[in-house]
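# Examining the three-dimensional arrangement
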Amino acid sequence: MRILVLNGPNLNLLGKREPEIYGTATYNDLRKLIIDYSLKQNHIIHLIQSNHEGVLIDTLQGGINKYDGIVFNPGAFTHTSIALYDTLLAINIPCVEVHLSDIENREAFRQTNYIKKACIASVTNEGIEGYIKAIKILEKRLK
Ligand code: DQA
């Protein structure tokens, strides 16, 4: 399977950023976890992180005919970005949304989620292991 794992703003700061909420694993730890798993499964994985909404949109658009599935943590854009929602609908590639934290039980402003409706599933509150769970959801969907 060809999979894009896309991370949005501030996820490059994993490990340093509010570790009591997002855990102590770093972005490099996350990369290693995903690469190790994907090698075993023979997946082709592209890992991309950007703090810029336009770069995330361009990356998703560039995924047409390139990826079979997408694992996406849009960070705070989850709660604000109709543009990312529109992009996911436009490209029509199965996408699983991931959040390290329990967004449903945090601040009220995190209850708005524009991304969920464009995804085949959501994985929340499972830390970096949630990304592996998301890849497994894609495996089941795409086999
Ligand atoms: C997050 C949750 C978002 O609300 C937050 O803005 C993030 C990270 C998560 O992984 O739990 O940046 O997507």
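Quick caveat, the model's predicted, so the values are computed rather than measured. (Residues numbered from 1 in each chain as written. Predicted model: local features only at pLDDT ≥ 70, side-chain atom pairs only at ≥ 80, totals over all residues. Heavy atoms only, no water.)

This next bit is on the environment of L33. Within the secondary structure, L33 sits in helix 2 (residues 27-41). Judged by relative accessible area, which is 24%, L33 ranks as partly exposed. Each C-alpha atom of the pair L33 and L60 lies 22 Å from the other, and the pair is 27 residues apart in sequence. (Helix = DSSP H or I, 4+ residues; strand = E, 2+ residues; numbered from the N terminus. Buried < 20%, exposed > 50% of the residue type's maximum accessible area, 1.4 Å probe, protein only.)

What follows is about the packing of helix 3 (residues 53-61) against helix 4 (residues 82-91). At a closest axis distance of 10 Å, the pairing of helix 3 and helix 4 adopts a crossing angle of 5°. The angle between helix 3 and helix 4 places the two elements in the roughly parallel class. On helix 4, the residues touching E53, L56, I57, L60 and Q61 of helix 3 are A83, L84, T87, L88 and I91. (Axes fitted to C-alpha atoms, helices over the stretch in contact; angles between N-to-C directions. Parallel < 35°, antiparallel > 145°, perpendicular 65-115°, else oblique. Contact = heavy atoms within 4.5 Å.)

Let's shift gears to the side chain of H79. Secondary-structure assignment places H79 in the loop between strand 3 (69-73) and helix 4. Of note is the side chain of H79, whose polar atom sits 2.9 Å from the backbone oxygen of T112. Contacts of H79, omitting those with residues within four sequence positions, involve I103, F109, R110, T112 and Y114. (Polar contact = N/O pair within 3.5 Å; in protein donor to acceptor, adjacent residues only side chain to side chain.)

Mapped onto the fold, I82 is located in helix 4. Here the alpha-carbon distance between I82 and F109, two residues 27 residues apart in the chain, equals 15 Å.

Quick look at the sheet that holds strand 2 (residues 44-49) now. With parallel pairing, the 5 strands of this open sheet are ordered in space as 2-1-3-4-5. Two strands in the sheet have a free side with no partner beyond their single neighbour: strand 2 and strand 5 (121-124). If you compare each strand with its neighbour and ignore which way they point, the axes differ by 15° on average. The pairing of strand 3 with strand 4 (residues 95-99) spans 3 bridges and is parallel. (Pairing = 2+ DSSP bridges.)

Okay, the nonpolar core next. By size, the foremost hydrophobic cluster in this structure holds 24 residues, and its most contacted members are V5, I34, V71 and Y131. If you list the elements that add at least two residues to this core, you get strand 1 (2-7), helix 2, strand 2, strand 4, strand 5 and helix 5 (129-142). If one sorts the elements of this core by residue count, helix 5 sits on top with 5 residues. Leaving out residues up to four positions away in the same chain, V71 has contacts with I3, L4, V5, L6, V96, V98, Y131, A134, I135 and L138. One finds L4, L6, L56 and I115 within the second-largest nonpolar core, a separate group that totals 17 residues. (Core = buried A, V, L, I, M, F, W, Y, C linked by side-chain atoms within 4.5 Å.)

Time to look at the packing of aromatic side chains. Under the criterion given, the structure shown has 0 aromatic pairs. Above the plane of the ring of Y22 lies R17, whose end atom (NZ or CZ) is 4.1 Å from the centre. (Phe/Tyr/Trp six-rings, centres within 6.5 Å; stacked < 30°, edge-to-face > 60°. Lys NZ or Arg CZ within 6 Å of the ring centre and 35° of its normal.)

Another aspect to go through is helix 5. With 14 residues, helix 5 ought to run about 20 Å at 1.5 Å a step, and its terminal C-alpha atoms sit 20 Å apart, in line with that. Turning to helix 5, its buried residues number three or more, namely G130, Y131, I132, A134, I135, L138 and E139. Those residues of helix 5 that are buried are in contact with strand 1, helix 2, strand 2, strand 3, strand 4 and strand 5. (Expected span 1.5 Å × (residues − 1).)

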